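Descriptive structure summary
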Amino acid sequence: MSLHGRDLISIRDLSLEEIEEVLAASRKMIPYAEGSKVTHPLADKIVAMAFFEPSTRTRLSFEAAVQRLGGTCITIADASVTSMRKGESLHDSIRMLSSYADAIVIRHPNEGSARLAARASDRPVINAGDGAGQHPTQTLLDLATMHEAFETLRGLRVVLLGDLKYGRTVHSLAHALTLFGCELVLCAPPSLGLPDEYRSRLEHLGGKLTVEPDLGRAIRDADVLYVTRIQKERFGDEAEYRKVAGSYRVDATVLKEAKPRLAVMHPLPRAGEIAPEVDETPHALYFRQAFLAVPVRMALLDAIVGGAKKGG
Ligand code: CP
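Just so we're clear, the structure is a prediction, and the values are computed from it rather than from any experiment. (Residues numbered from 1 in each chain as written. Predicted model: local features only at pLDDT ≥ 70, side-chain atom pairs only at ≥ 80, totals over all residues. Heavy atoms only, no water.)

1. What about the sheet that holds strand E5 (residues 157-161)?
- Strand order in the open sheet formed by 5 strands is E7-E6-E5-E8-E9, and the pairing between neighbours is parallel. The strands lining the two open edges of the sheet, one partner per strand, are strand E7 (208-211) and strand E9 (263-265). Neighbour-to-neighbour, the strand axes of this sheet turn through a mean angle of 20°, independent of strand direction.
- Judged from the 3 bridges that link them, strand E8 (residues 224-227) and E9 form a sheet pairing that is parallel. Residue pairing for E9: valine 224 is matched across the bridge by alanine 263. (Pairing = 2+ DSSP bridges. Helix = DSSP H or I, 4+ residues; strand = E, 2+ residues; numbered from the N terminus. Axes fitted to C-alpha atoms, helices over the stretch in contact; angles between N-to-C directions.)

Laid out in structure tokens, this is it:
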């Protein structure tokens, strides 16, 4: 695969063909991710996890992926116990880390931080979420989940629900879905719509976009309902958050309007946007989605890390 030694900062760093290659490789990785088969292509590799913002799924699924591939992790899980507390810059921290590891996975609260890290590192850098910017590896596992459910991505009608302003998962996903010719229905509280910058890019790509603020109407005829949490931590003003908190919730009543095969997805964590009663319905794909993080990240790490330095 052509990803060898490359950074992955934005989903725009990947072509449609490269995304399809990662998805195909991910499907083959499922038995290895489950532990029923063994493969160790990263046996002599170290991958650094540099997480400067909380994470459960992304960090642990990356660590599981490295270990399932026979590699080793070194991890920053809490920036407050690093020398950044003594004033060390992100640049210096990453430059140093790149001399300890064969690749760096970074999560940071500031948009653009992963790009900065890639400039500081002579090893490949993978963006695991930069503020309200991008979350490209989440997109790959989101696509893998949709592909598993529908056996294709082409032409799906996908509702993006919730915080489209600050939600980095939708910023990345909307781009990839547009590459696959999906129809996007944007359903958000008025103050949390998709920023113009993203809308313009999607329109430039020929994206099929509809805005439908009413959830009941939005999900009629939808194949996928992609639910997101309101990103409370990105609001400068708590009062602004309170105005929109709890403004949408997917429950059994809402789903009565849906197609029987509607797939309900969520990058998780959820904070009340999906009622627990949905978990037991055939619509609920979000826990399978969380598992697919492992084979997808295994395929990606195998492609990027299995060998040379950046650009090698
Ligand atoms: N989906 C996701 O990014 O989850 P975490 O914040 O737990 O890593």
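Having put the structure on the table, let's press on.
2. Overview of the site of the ligand
- Neighbouring the ligand are Ser55, Thr56, Arg57, Thr58, Arg107, His135, Gln138, Pro267 and Leu268.
- With respect to the ligand, the side chain of serine 55 contributes an N or O atom lying 2.6 Å from an oxygen atom.
- A distance of 2.9 Å separates an oxygen atom of the ligand from a polar atom in the side chain of arginine 57.
- Protein chains bury 91% of the 260 Å² of accessible surface belonging to the ligand in isolation.
- Judged by the proximity of its atoms to the pocket grid, the ligand belongs to the largest pocket.
- When we break the shell around the ligand down by domain, the ones giving at least three residues each are domain 1 (11-134 + 293-305) and domain 2 (136-290). (Near = heavy atom within 4 Å. Polar contact = N/O pair within 3.5 Å; in protein donor to acceptor, adjacent residues only side chain to side chain. Areas by Shrake-Rupley, 256 points an atom, 1.4 Å probe, with all protein chains shown as cover. 1 Å grid on protein atoms, 1.4 Å probe; cavity = no way out; pocket = protein on both sides within 12 Å on 5 of 7 lines; lining within 4 Å. Sits in = over half its atoms within 2 Å of the grid points. Domains from an automatic or database assignment.)

3. With respect to helix H11 (residues 286-305)
- The terminal C-alpha atoms of H11, which comprises 20 residues, lie 28 Å apart, in line with the 28 Å expected from a rise of 1.5 Å per residue.
- Taken as a whole, H11 carries its principal kink of about 30° at leucine 292; the proline proline 295 stands between one and four residues after it.
- Across the 20 residues that make up H11, a large majority, 15, are buried. (Expected span 1.5 Å × (residues − 1). Bend = angle between axes of the 7 residues up to and from the residue. Buried < 20%, exposed > 50% of the residue type's maximum accessible area, 1.4 Å probe, protein only.)

4. Description of the packing of aromatic side chains
- The final tally for this structure, using the stated rule, is 3 aromatic pairs.
- Put simply, the rings of Tyr166, Phe235 and Tyr241 pair up and form one aromatic cluster.
- A cation sits over an aromatic face here: arginine 201 above tyrosine 198, 5.7 Å from the ring centre. (Phe/Tyr/Trp six-rings, centres within 6.5 Å; stacked < 30°, edge-to-face > 60°. Lys NZ or Arg CZ within 6 Å of the ring centre and 35° of its normal.)

5. A word on the nonpolar core
- Within the largest apolar cluster, 62 residues are counted, with the highest numbers of intra-cluster contacts made by Met146, Leu160 and Leu301.
- Residue contributions to this core peak at 10 residues, all from H11.
- Both domains that furnish three or more residues to this core are identified here as domain 1 (11-134 + 293-305) and domain 2 (136-290).
- Beyond its immediate chain neighbours, meaning those up to four positions away, methionine 146 contacts Glu151, Thr152, Leu153, Leu156, Val158, Leu173, Leu177, Val224, Tyr226 and Met265.
- The next biggest cluster of nonpolar side chains, apart from the first, holds 28 residues, and it includes Val159, Val250, Ala258 and Leu268. (Core = buried A, V, L, I, M, F, W, Y, C linked by side-chain atoms within 4.5 Å. Contact = heavy atoms within 4.5 Å.)

6. Focus on unusual backbone geometry
- A cis geometry characterises the amide bond from leucine 268 onward to proline 269, with omega recorded as 5°.
- The phi torsion at glutamate 151 lies on the positive side, around 65°, for a residue other than glycine.
- Structurally, glutamate 151 is set in the loop between helix H5 (136-150) and E5.
- Located in the positive-phi region is aspartate 221, a residue other than glycine, with phi close to 75°.
- By the element assignment, aspartate 221 lies in the loop between helix H8 (215-219) and E8.

7. Considering the domain arrangement of the protein chain
- What the domain assignment reports for the protein chain is domain 1 (11-134 + 293-305) and domain 2 (136-290).
- Placing a centre on the C-alpha atoms of domain 1 and another on those of domain 2 gives a separation of 24 Å.
- Contact residues are listed per partner, giving 29 residues for domain 1 and 29 residues for domain 2.
- Of the roughly 2400 Å² buried at the junction of domain 1 and domain 2 (both faces included), carbon and sulfur atoms supply 60%.
- When the area that domain 1 buries against domain 2 is broken down by residue, the three leading residues are Ile11, Arg12 and Arg57, summing to 24%.
- Counting the contacts that link domain 1 with domain 2 gives 3 salt bridges.
- Of the charged contacts in the structure, one is a salt bridge between glutamate 53 and arginine 234, with a shortest N-O distance of 2.9 Å.
- Applying the counting criterion to the domain 1 and domain 2 interface returns 13 residue pairs in polar contact (both at pLDDT 80 or more).
- Secondary structure elements with two or more residues in the side of domain 1 that touches domain 2: helix H1 (16-34), helix H2 (57-68), strand E3 (103-108), strand E4 (125-130) and H11.
- No other element matches H1, which puts 7 residues into the side of domain 1 that touches domain 2.
- Taken together, the residues that form the side of domain 1 that touches domain 2 break down as 14 nonpolar, 6 polar and 9 charged. (Buried area = accessible area lost by both parts, 1.4 Å probe. Salt bridge = Lys/Arg side-chain N within 4 Å of Asp/Glu carboxyl O. Nonpolar A, V, L, I, M, F, W, Y, C, P; charged D, E, K, R; others polar.)

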